[in-house]
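If you want the building blocks of each chain, they are given just below.
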Amino acid sequence: MTIGSEDRALATAAALDASDPLARFVDRFVVDDPELIYLDGNSLGRLPRATAERLAELVRTEWGSGLVRSWEHWIDLPAEVGDRLGAALLGAAPGQVLVADSVTVNLYKLAMAALDRAVATDPARRVLVTDDDNFPTDRYVLAAVAARFGGELRIVPSDPVHGPDPERLAAAVGPDVAVVSLSHVAYRSGAMADMAAVNEMARAAGALTLWDLSHAAGSVMIDLDGTGADLAVGCTYKYLNAGPGAPAYLYVRRDLSDRLASPIPGWFAAADQFAMGPTFDPLGGVGRFAAGTPSMLGVTAVDEGVRLLAEAGIESVRAKGVALTSFLIDLVDDRLAPLGFEVATPRDATRRGAHVSLAHPEAQPICEALIGQAGVVGDFRAPDRLRLGPAPLSTRYAHVAEAIDRVVALVEAGGHLAPEASAGSDH
Ligand SMILES: *Cc1c(COP(=O)(O)O)cnc(C)c1O
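Quick look at the structure, then. (Residues numbered from 1 in each chain as written. Predicted model: local features only at pLDDT ≥ 70, side-chain atom pairs only at ≥ 80, totals over all residues. Heavy atoms only, no water.)

So, the pattern of salt bridges
Moving on, step 1. By the definition in use, this model includes 25 salt bridges.
Moving on, step 2. Notably, a salt bridge pairs Asp230 with Arg203, separated by 3.2 Å at the nearest N-O pair. Placement of the pair is Asp230 in the loop between helix H9 (224–227) and strand E9 (231–234) and Arg203 in helix H8 (residues 195–204), with a sequence separation of 27 residues.
Moving on, step 3. Note on Asp230: relative accessible area 2%, which makes it buried.
Moving on, step 4. Taken together, the shared-partner salt bridges connect Arg54, Arg84, Asp303, Glu304 and Arg307 into one network. (Salt bridge = Lys/Arg side-chain N within 4 Å of Asp/Glu carboxyl O. Helix = DSSP H or I, 4+ residues; strand = E, 2+ residues; numbered from the N terminus. Buried < 20%, exposed > 50% of the residue type's maximum accessible area, 1.4 Å probe, protein only.)

What follows is the structure, given as structure tokens:
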């Protein structure tokens, strides 16, 4: 598709919106400022209207009136929502997904458990493998876990646009490797790893896989069971729209869970929690990776986010994500390339998630000026990336076209060079 002008782009966007089967979902989110273009749903998803209502109801009725009696039904919610999340978005059969803690803590629990088991089985197997462009918390936690076992975190170089090179990855996974841990969709470039191929490669080497699904869940098709994944973690405040600090989730393949021990033997993971016994005896299954009391407001928000995505259907969400990012990339080529922007996300739609990274030497001041002056919220990622995440459920094609117009207007006028441009903040 070649788009000759600004008007042509707006007309194309209008046609795409008119035939968008998910268009009605945009109105299921709270929008206070219709002029604001929000392209950061991959960092903090918008607030679903249903979530605002259900949380208010929970606070007033379940907490306010029900008080401690509400634990009767609250107690099962992390596993129930985990099952719904697994079925709708992760390709996971029931009993393998639990909503709990943060990604960081879940990654620590699963990496510790996997390495502990590997070393017990074969003392020579104490290496963890990841890539140098993986999310910081992943690299930090994996390095600490490897050190705890006197092992090593082997870091494979990653292409800044296309992610870890499959051949270099395979070369790094030898008989000393216990766990291969990658992001399914890379947080900066949006590159998507081939989950099935990595699972097969790791299995052949006798290693387990531990996936971070934070940028993948709710944006791309995931089939943990079908591709033979072993372990996974992910967050819920991005495409799952569960809100700031909402609990994360973890997946443990069914036949693996009883052979793994969590490093945090909390009472929520105990086989008979209210026996309050003298020693810890873990639950069977994924429940043994619970720790302490879960946030019911948070788990409930995850439930609403998952229900919304399940109603839309992940196939449709993925199709719209591909179409939105393709439209965005076409507009960048046509209108932003002359201003020095370069697409830093795979152009092959089957190899990317639902956000697009643009490289530009002035990305940081441009991003700050877009937020501060132009009403376009994306985010900056070091060293020179402007990330634009048109979350499929809450974004119209017209938002993308209008955002590009505003970028062109800002950069052509040098708005990002004005002194006030640097006053913006970056979370
Ligand atoms: C967002 C994100 C996280 C966040 O971890 P928290 O512990 O929830 O702060 C971790 N990993 C990846 C890949 C992410 O994108």
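Observations regarding the site of the ligand
Moving on, step 1. Taken together, the residues surrounding the ligand are Ser102, Val103, Thr104, Phe135, Thr137, Asp138, Ser183, Asp212, Ser214, His215, Tyr237 and Lys238.
Moving on, step 2. Interatomic distance of 2.5 Å between a side-chain N/O atom of Lys238 and an oxygen atom of the ligand.
Moving on, step 3. Burial of the ligand by the protein amounts to 86% of the accessible area it has alone, namely 390 Å².
Moving on, step 4. Going through the elements one at a time, helix H5 (103–121) and helix H6 (136–148) are the ones with two or more residues in the shell around the ligand.
Moving on, step 5. Taken together, the residues of the shell around the ligand sort by class into three nonpolar, six polar and three charged. (Near = heavy atom within 4 Å. Polar contact = N/O pair within 3.5 Å; in protein donor to acceptor, adjacent residues only side chain to side chain. Areas by Shrake-Rupley, 256 points an atom, 1.4 Å probe, with all protein chains shown as cover. Nonpolar A, V, L, I, M, F, W, Y, C, P; charged D, E, K, R; others polar.)

As for the packing of H5 against H6
Moving on, step 1. With their axes 10 Å apart at the nearest point, H5 and H6 run at an angle of 30° to one another. The angle between H5 and H6 falls in the class roughly parallel. Viewed along their axes, H5 and H6 form a crossing whose handedness is right-handed. Of the residues in H6, those in contact with Thr104, Leu107, Tyr108, Ala111, Met112 and Leu115 of H5 are Thr137, Asp138, Val141, Leu142, Val145, Ala146 and Arg148.
Moving on, step 2. Its residues assigned to classes, the contact of H5 with H6 shows nine nonpolar, two polar and two charged. (Axes fitted to C-alpha atoms, helices over the stretch in contact; angles between N-to-C directions. Parallel < 35°, antiparallel > 145°, perpendicular 65-115°, else oblique. Left-handed = near helix turned anticlockwise from the far one by under 90°. Contact = heavy atoms within 4.5 Å.)

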